[in-house]
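# Residue-level structure breakdown
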Amino acid sequence: MDIRFEKREHLQEKPDQKNLGFGKHFTDYMFVMDWDKEQGWHDAAIVPYGGIPMDPATMVLHYAQETFEGMKAYRTAEGKIQLFRPEMNARRMIKSNERLCMPGVPEEMFVEAVKALVKAQEDWVPSEPGTSLYIRPFMFATEASLGVHMAKSYKFVIITTPVGAYYAEGINPVKILVEDEYVRAVKGGTGFTKCGGNYASSIAGQVKAEKMGCTQVLWLDGVHRKYVEEVGTMNIMFKIAGEIYTAPLEGTVLPGVTRDSLIHILRDWGYKVNETHLSIDDLMKAGHDGTLEEAFGTGTAAVVSPVGEFVYKDDSVIVNDFKIGELTQKLYDTLTGIQWGKLEDKYGWTTPVE
Ligand SMILES: *Cc1c(COP(=O)(O)O)cnc(C)c1O
């Protein structure tokens, strides 16, 4: 791929690595590339980070044809930079785009673009413990038209932001509201895609959770409001009587890269991982009778996020005395160990940026 490089005159001052937050600082450059029917993908470029002028009739603003991805670049102790399973993000975005009738960025092109952008501003990959460069590829319809149809043109963009730990509180357990009114996804819908629209309709649940002193929402299935699916931005796993439970990938749950990686590791360690429908009643029961040993969300941003409490209707259960569980901690240490190059990568999951 031919990538034009447009140099900016003044580079920004870098933020304090000890106080990065999440998605607050944006780097000097971004990657852009356009698609239309005649030319396919064209005009790939790394350009100064900045605004994207838009016609007010740009279709994404009206009908939300938009998909995105989330991944990270990690700096190892030797100062090298690596990505974690970037091809999984590339393939997932292709699937998201198929569902939304948007053109896919071929896998090799996607990974090459990510690597080129990270390489072009490698000084932005932080080195403080727990920090990384969060990478946000996204795509949207650019055609200016109010007719509802598959757009004739699209833009693929990658922006990057140095980040600290996802939760300001660190990896402390969080309190989660089990949502029994709103739903996130149904079979046949877009639950398995990473699209902005899924998030737009989920914010009401998030606002409600925050009002009730919770950090996140646990979504139940959209048909029966009975089976546990996933958390706002994470998949979720439970350890009940020694076995692991997580929702199956049947079109309503996001196929997380972290979920997949942890399932591999858990099975390697000899755990039985059940990708199955777990009802909220069974979960609360396990919480009350003490068989719910651990619960944790999984996702690129937070890696592993222990759950300390579930609130469901008038009931609530505390998990593991609101402390991080032994397995949760071990999974966190193992996965982050591989990602930051501190542990041997026996699965071949990391890819150098050189
Ligand atoms: C991104 C995302 C996840 C986690 O996926 P990872 O690939 O592990 O980061 C889970 N659920 C939803 C709804 C998401 O958007």
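Keep in mind that what you see is a predicted model, and the values were worked out from it rather than measured.

Calculation criteria
Residues numbered from 1 in each chain as written. Predicted model: local features only at pLDDT ≥ 70, side-chain atom pairs only at ≥ 80, totals over all residues. Heavy atoms only, no water. Phe/Tyr/Trp six-rings, centres within 6.5 Å; stacked < 30°, edge-to-face > 60°. Helix = DSSP H or I, 4+ residues; strand = E, 2+ residues; numbered from the N terminus. Expected span 1.5 Å × (residues − 1). Buried < 20%, exposed > 50% of the residue type's maximum accessible area, 1.4 Å probe, protein only. Core = buried A, V, L, I, M, F, W, Y, C linked by side-chain atoms within 4.5 Å. Contact = heavy atoms within 4.5 Å. Axes fitted to C-alpha atoms, helices over the stretch in contact; angles between N-to-C directions. Parallel < 35°, antiparallel > 145°, perpendicular 65-115°, else oblique. Nonpolar A, V, L, I, M, F, W, Y, C, P; charged D, E, K, R; others polar. Pairing = 2+ DSSP bridges. Left-handed = near helix turned anticlockwise from the far one by under 90°. Patch = residues over 30% accessible without salt bridge, like charges linked within 9 Å, V, L, I, M, F, W, Y side chains within 5 Å. Areas by Shrake-Rupley, 256 points an atom, 1.4 Å probe, with all protein chains shown as cover. Salt bridge = Lys/Arg side-chain N within 4 Å of Asp/Glu carboxyl O. Near = heavy atom within 4 Å. Polar contact = N/O pair within 3.5 Å; in protein donor to acceptor, adjacent residues only side chain to side chain. Lys, Arg positive; Asp, Glu negative; His and termini not counted. Right-handed = clockwise from strand over helix to strand, strands pointing away. Domains from an automatic or database assignment. Buried area = accessible area lost by both parts, 1.4 Å probe.

### Some details on the packing of aromatic side chains
According to the stated counting rule, one finds 13 aromatic pairs in the structure shown. Note on Phe31 and Phe156: the rings are 6.1 Å apart at their centroids and 70° apart in plane angle, and the pair reads as edge-to-face. Placement of the pair is Phe31 in strand E2 (residues 29–36) and Phe156 in strand E8 (residues 153–163), with a sequence separation of 125 residues. Judged by centre distance (6.3 Å) and plane angle (65°), the ring pair of Trp41 and Phe156 falls under edge-to-face. With Trp41 in strand E3 (residues 40–48) and Phe156 in strand E8, this residue pair connects regions lying 115 residues apart in the sequence.

### Looking at helix H8 (residues 326–339)
Under the 1.5 Å per step criterion, the end-to-end length of H8 is 20 Å for 14 residues, consistent within 8% with the ideal 20 Å. Where H8 is concerned, the buried positions are Leu327, Thr328, Leu331, Thr334, Leu335, Thr336, Gly337, Ile338 and Gln339. Looking one or two places after H8, you find Gly341, whose phi comes out positive at around 75°.

### Observations regarding the nonpolar core
Ranked by internal contacts, the top residues of the largest apolar core, which has 35 residues, are Phe31, Phe110, Val118 and Phe156. Residues within four places of Phe156 in sequence aside, it is in contact with Phe31, Val32, Met33, Trp41, Met93, Val105, Phe110, Pro137, Phe138 and Met139. Membership of the second largest hydrophobic core comes to 25 residues, among which are Val174, Leu220, Met234 and Ile236.

### A look at the packing of helix H6 (residues 257–268) against H8
Two numbers describe how H6 lies on H8: the axes approach to 11 Å, and their chain directions differ by 110°. For the element pair H6 / H8, the angle class is roughly perpendicular. For the pair H6 and H8, the contacting residues are Thr258, Ser261, Leu262, Ile265 and Leu266 in the first and Leu327, Leu331, Thr334 and Leu335 in the second. Taken together, the residues that form the contact of H6 with H8 break down as 6 nonpolar, 3 polar and no charged.

### Brief notes about the pairing of strand E15 (residues 292–299)
Taking burial as the measure, the 8 residues of E15 include 7 buried ones, the bulk of the element. One ladder, built from 4 bridges, connects E15 with strand E16 (residues 303–312); its direction is antiparallel. Looking at E16, one finds that Gly297 is bridged to Ser305. Hairpin connection from E15 to E16: 3 residues lie between these consecutive antiparallel strands.

### Some words on the packing of helix H2 (residues 86–99) against helix H3 (residues 107–120)
Look at H2 against H3: their axes get within 9 Å of each other, and the N-to-C directions meet at 125°. Between H2 and H3, the interaxial angle falls into the category oblique. Where H2 crosses over H3, the two elements pack in a sense that is right-handed. Contact with H2, carried on its side by Pro86, Glu87, Asn89, Ala90, Arg91, Met93 and Ile94, involves Glu107, Phe110 and Val111 of H3 and no other residues of that element. Considered class by class, the residues forming the contact of H2 with H3 number 6 nonpolar, 1 polar and 3 charged.

### A word on a nonpolar patch on the surface
On the surface, a nonpolar cluster with roughly 320 Å² of combined accessible area is contributed by Tyr63, Leu146 and Val148. With a relative accessible area of 68%, Val148 lands in the exposed category.

### Examining the site of the ligand
Within the structure, the ligand sits among 15 residues, and Lys194, Tyr199, Glu230, Thr258 and Thr300 are positioned closest to it. One of the side-chain N or O atoms of Tyr199 is found 2.6 Å from an oxygen atom in the ligand. When the free accessible area of the ligand is taken as 380 Å², the share hidden by the protein chains comes to 97%. Looking at the shell around the ligand residue by residue, the class counts come to 4 nonpolar, 7 polar and 4 charged.

### Here we look at the side chain of Glu229
Within the secondary structure layout, Glu229 lies in strand E11 (residues 228–231). With no salt bridge to any partner, buried Glu229 finds its closest opposite charge in Arg184, at an N-O distance of 5.9 Å. A polar atom in the side chain of Glu229 sits 2.9 Å from the side chain of Thr252.

### Regarding the pairing of strand E13 (residues 243–246)
As paired strands, strand E12 (residues 235–240) and E13 are joined by 4 bridges and run antiparallel to one another. The residue of E13 that forms the bridge with Phe238 is Tyr245. If you look at the hairpin formed by E12 and E13, you'll find 2 residues sitting between the two strands, and Ala241 has a positive phi there, around 45°. As defined by bridge partners, E13 adjoins strand E14 (residues 273–275) across 3 bridges and the pair is classed as parallel. Bridge assignment links Thr246 to a residue of E14, and that residue is Glu275. Taken together, E13, H6 and E14 constitute a β-α-β crossover, and its handedness is right-handed.

### Structural notes on the domain arrangement of the protein chain
Partitioning the protein chain into structural domains gives domain 1 (4–163) and domain 2 (174–339). Here the C-alpha centroids of domain 1 and domain 2 sit 27 Å apart. Of the residues lining the interface, 19 residues belong to domain 1; the matching set on domain 2 comes to 21 residues. Summing the contributions of domain 1 and of domain 2, the shared interface buries around 1800 Å²; its carbon and sulfur component is 61%. Inspection of the region where domain 1 meets domain 2 yields 1 salt bridge. For Arg85, the salt bridge goes to Asp260, with nearest N and O atoms at 2.9 Å. Remark: the boundary between domain 1 and domain 2 carries 13 residue pairs in polar contact (both at pLDDT 80 or more). Elements that contribute at least two residues to the side of domain 1 that touches domain 2 include exactly strand E4 (66–68), strand E5 (71–75), strand E6 (81–84) and H2. Among the elements that make up the side of domain 1 that touches domain 2, the one with the highest residue count is H2 (6 residues). Grouping the constituent residues of the side of domain 1 that touches domain 2 by class yields 7 nonpolar, 5 polar and 7 charged.

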